[in-house]
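Reading the structure
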Amino acid sequence: MQPAFRASSGQTVLITGARAPVALHHARLFHEAGCRVVLADMPARPLSSSSRACAVYQRLPSPRFHPEDFAIAVEALVEREKPTLIVPTCEEVFYLAALRDKRGLGAELFAPGLDLLQTAHNKHDFIRLCEGFGIAVPATRLLRSPEELTGLGKDAGNFVFKPVWSRFAGQVLVAPTPAKLKHVVPSTAMPWVAQERLQGEELSAYAVARGGRVLAVSIYRSLYRAGAGAGVCFEPVGDAAAREFVETFVEKTGWTGQVSFDLMRLDDGSVRPLECNPRATSGLHFFKDADRFVRALSQGGAEVLPDVTRIQAVRLAMWIYGLPAALRSRGIRRFRKVLGATGEILGTGDDPAPGRAQIPAFLEIAAIALRHRISLQSATTRDIEWNGPDQSSI
């Protein structure tokens, strides 16, 4: 039985995945609520480590490539800093859940069990789970061999193809040509899905829950993305059908922790789940009231509503990814309008250092991308990716 966390002045919280803007946002919220914040991750200079909210930053070994060293380092960190709550933000959540299941953590991990995490992360099993709850879903077919692709070439325009274990849409093929489809080589170890291509507006949802009850939820759309995947500029929206889906999923699974979804809103106003990210995503940035948010996360009680209505963005990423997209689409006027209405996620007036830390953090990721000949997006998660139940030997 893990000790329960109750937010109070001086309590220590450990936030992992310090590279992520959502980790920085969590750190600021907990710090403003009176908690002592310890951050941990693999990079030498992640964004959050420069924040005034960070009391201690600890580098960890890669859980993907050095799981035992990661486990030992986490155990030592927990023993030394004595956090009462551990809040994961990225895919290290899977490794921490595995460590909790096998060896214990000595603090509450704000996440469900590993089996449920994996089911939600798996792009086929998630859809089957939703279907079992009576939720309308897009037709989704599991592909475990090249032979199972046979016959799909002619109908590829009606499908979206993606690996079961993936993130940021890095390998997604939308209505591929038969020639491109030949590059898809599914296997038992690395299966793919062919998912019905739906027409509508893509929305995202972020939620915090305890014991199957929603404690915070935000619905938003991505106005600009890093390539085809992760958003870098977000606009809050209201959508009752999306909210209903989140509540149903959380209740039926008994979810405790953070959970996020990609949804498609159809022309009739209904929504369909596309995939699940069982971790924090950018919807967190629409919560600013630290005391209420931390109280809801740690103790339950009354739901906290989003209190940020302005568009939020990482402005440097807007210039890197948003401007080229605007130039390609001849949407410079829209880009300038959005940029002028945008609130900065990283460097704030009372905590400017993370804004300045973007350049060294970016250069560290770029060096990884060059060294391993992978994309910048792949480099951001290379050391923490979870690609199935055989991933960890913790």
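First, a word on scope: everything that follows refers to the structure included in this document. Just so you know, these numbers come straight off a predicted model, no measurement behind them.

Here Thr84 shows up in the loop between helix H2 (67–81) and strand E4 (85–87). Overall, Thr84 belongs to the buried group, its relative accessible area being 17%. A polar side-chain atom of Thr84 sits 2.8 Å from a polar atom in the side chain of Gln11.

This paragraph deals with the nonpolar core. Ranked by size, the top nonpolar core spans 110 residues in total, and within it Ile15, Phe30, Phe245, Val246, Phe261, Phe293 and Met318 carry the most contacts. Considering each element in turn, this core owes the most residues, eight residues, to strand E11 (residues 213–225). For Phe293, the residues in contact, after removing those within four places along its chain, are His26, Leu29, Tyr206, Val208, Ala216, Leu284, Phe287 and Val304. The next biggest cluster of nonpolar side chains, apart from the first, holds 10 residues, and it includes Leu143, Phe159, Leu181 and Trp192.

All right, on to the pattern of salt bridges then. Inspection of every chain in the model, using the stated rule, returns 25 salt bridges. Residues Lys123 and Glu275 are paired through a salt bridge, measuring 3.9 Å at the closest nitrogen-oxygen approach. Residue Lys123 is located in the loop between helix H4 (114–121) and helix H5 (125–132), and its partner Glu275 is located in strand E14 (residues 271–277); the two are separated by 152 residues in the primary sequence. When sorted by exposure, Lys123 lands in the same class as Glu275, which is buried. Salt bridges linked by common partners bring Glu201, Arg221, Glu235, Asp239 and Arg265 together as one network.

Rules behind the numbers
Residues numbered from 1 in each chain as written. Predicted model: local features only at pLDDT ≥ 70, side-chain atom pairs only at ≥ 80, totals over all residues. Heavy atoms only, no water. Helix = DSSP H or I, 4+ residues; strand = E, 2+ residues; numbered from the N terminus. Buried < 20%, exposed > 50% of the residue type's maximum accessible area, 1.4 Å probe, protein only. Polar contact = N/O pair within 3.5 Å; in protein donor to acceptor, adjacent residues only side chain to side chain. Core = buried A, V, L, I, M, F, W, Y, C linked by side-chain atoms within 4.5 Å. Contact = heavy atoms within 4.5 Å. Salt bridge = Lys/Arg side-chain N within 4 Å of Asp/Glu carboxyl O.

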